[in-house]
Amino acid sequence: MQTSSINIELISKLKSANKILFFTGAGISAESGIPTFRGKDGIWNKLKPEELANFNAFLKNPDLVWEWYQYRRKIVNETNPNKGHYAIKEFENYYKEVNVVTQNVDNLHRRAGTKNIFELHGNIERNYCVDCYKNFDNVESDNSKVPHCKYCGGLIRPDVVWFGEMLPQEIFSEAEQKAKMCDICFVVGTTGIVYPAAYIPMIAKENGAFLVEINLNETEISDKMDLSLFGKSGEILPLIITKVREMKLKN
Ligand code: BJW
Ligand code: ZN
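Residues numbered from 1 in each chain as written. Chains lettered and ligands numbered in written order. Predicted model: local features only at pLDDT ≥ 70, side-chain atom pairs only at ≥ 80, totals over all residues. Heavy atoms only, no water.

### Section: the sheet that holds strand 6 (residues 184-188)
Put simply, the rule is: Two strands make a pair as long as DSSP finds a minimum of two bridges between them. Think of it this way: any DSSP run of H or I at least four residues long counts as a helix, any run of E at least two long counts as a strand, and we number them from the N terminus. Every angle, taken between N-to-C directions, lies between 0 and 180 degrees, and every axis is a line fitted to C-alpha atoms, over only the stretch in contact when it is a helix. Any two residues whose heavy atoms approach within 4.5 Å at even a single point are treated as in contact.
Taken in spatial order, the six strands line up as 3-2-1-6-7-8 in an open sheet, and their pairing is parallel. In the strand order of this sheet, the two ends are held by strand 3 (117-119) and strand 8 (227-230), each with one partner. Strand-to-strand twist of the sheet, defined as the mean angle between neighbouring strand axes without regard to direction, takes the value 15°. Sheet topology places strand 1 (residues 19-24) next to strand 2 (residues 97-102); six bridges connect them, and they run parallel. Of the residues in strand 2, the one forming a bridge with Ile20 is Val98. Where helix 6 (residues 83-91) meets the sheet, its contacts fall on strand 1, strand 2 and strand 6, and the angle it forms with strand 1 comes to roughly 160°.

This is the structure we're talking about:
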């Protein structure tokens, strides 16, 4: 069903639910000032993903890719979680289990205090050596030159998942389990076109969850939703948690 407001069905689901899952994408961090990938102001309007977000691109031009990630780290460091991230955190006060499966690498759910986070595409704050796989969380670097491993001399890369790379298997399996068990799955700020991540809400639905999308506009997965709420996640999520708060205080 497509609507733009919180309806009776959602309220009834919120009343009876025990386990809530949030599947989030770049849109939830947009109001913090982090650009999304696709869409009107997306970073990939100017830069092609295949030129930067894959391993061959990194091997071909490691300095360029490193510089791009340093630029994005700077943006992430200068921003803070927004009302959407904090509303999600507040669900923990009212439900038995709340899980956040995120495609984002920006750490904002963690900084908002969310407990159960499954990062499907890695984390931009971490790095590792492509040859010996040692982790380098804090690496000294001239922003425009890729650093090398102090143990083996290999290139150091950000610990994110590029196209053609496997997602962290254990994390994906745990996310699948959480999707199978949730009562409501909120799909927030994602185009839902990148796989296998985009299977998560579908797994939730196949297992009986009520699927609610929160996005500025329709997406390629809108037709799979039980409810679509169109608008900013930093506005809609606080409205939903306010309803939950009122509802739970009455009971
Ligand atoms: C708002 C808002 C506001 C804005 N409020 N909303 C099955 C079918 C087809 C293809 C494949 C398939 N399986 C695998 C593939 C290939 C590929 C893929 O999915 N391609 C498709 C794009 C066609 N997948 C892979 O390659 C994956 N690996 C894999 O499958 O490995 C298996 C394998 C390996 C080896 C051999 C054989 C098999 C890996 C995918 C990795 C994706 N990585 C990236 C980059 C991460 C690092 C980095 O950050 O730099 O992840 S790509 C990029 O897209 C990033 C994101 O996490 C991901 C999703 O983007 P997201 O979050 O949806 O953002 P946007 O910008 O697209 O959308 C933002 C949305 O927010 C919009 O809808 C706005 O409207 C909305 N919005 N403001 C609410 N205020
Ligand atoms: Zn090394």
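### Some thoughts on the coordination of the zinc ion (ligand 2)
Selection rule: Counted as coordinating are nitrogen, oxygen and sulfur atoms within 2.8 Å of the metal, or 3.2 Å for Na, K and Ca, while water is not included, which may make sites look incomplete. Every geometry call rests on angle ranges, with four donors termed tetrahedral when all angles are between 85 and 135 degrees, four termed square planar and six termed octahedral when opposite donors are over 155 degrees apart and all others are between 65 and 115, and everything else termed irregular. Working definition: with a 1.4 Å probe on protein chains only, accessible area under 20% of the residue-type maximum means buried, over 50% means exposed, and in between means partly exposed.
Within the protein, the atoms that donate to the zinc ion (ligand 2) are Cys129 (SG), Cys132 (SG), Cys149 (SG) and Cys152 (SG), at distances of 2.3 to 2.4 Å. In this structure, the zinc ion (ligand 2) is surrounded by four donor atoms whose angles at the metal cover 97 to 119°, and the resulting shape is tetrahedral. When the donors of the zinc ion (ligand 2) are listed by position in the chain, the intervening gaps give C-x2-C-x16-C-x2-C. The exposure class of Cys129 is buried, given its relative accessible area of 0%.

### Digging into helix 9 (residues 199-206)
Of all the residues in helix 9, the buried ones are Ile200, Pro201, Met202, Ile203 and Ala204. Phi turns positive, to about 95°, at Gly208, one or two residues after helix 9.

### Section: the side chain of Glu90
Operational definition: The definition of a polar contact used here is a pair of N or O atoms within 3.5 Å, where within protein one atom must be able to donate a hydrogen and the other to accept one, and adjacent residues in sequence count solely through side-chain atom pairs.
Looking at where Glu90 falls in the secondary structure, it is placed in helix 6. A polar side-chain atom of Glu90 sits 3.5 Å from a polar atom in the side chain of Tyr94. Setting aside its immediate chain neighbours within four residues, Glu90 contacts Ile241 and Arg245.

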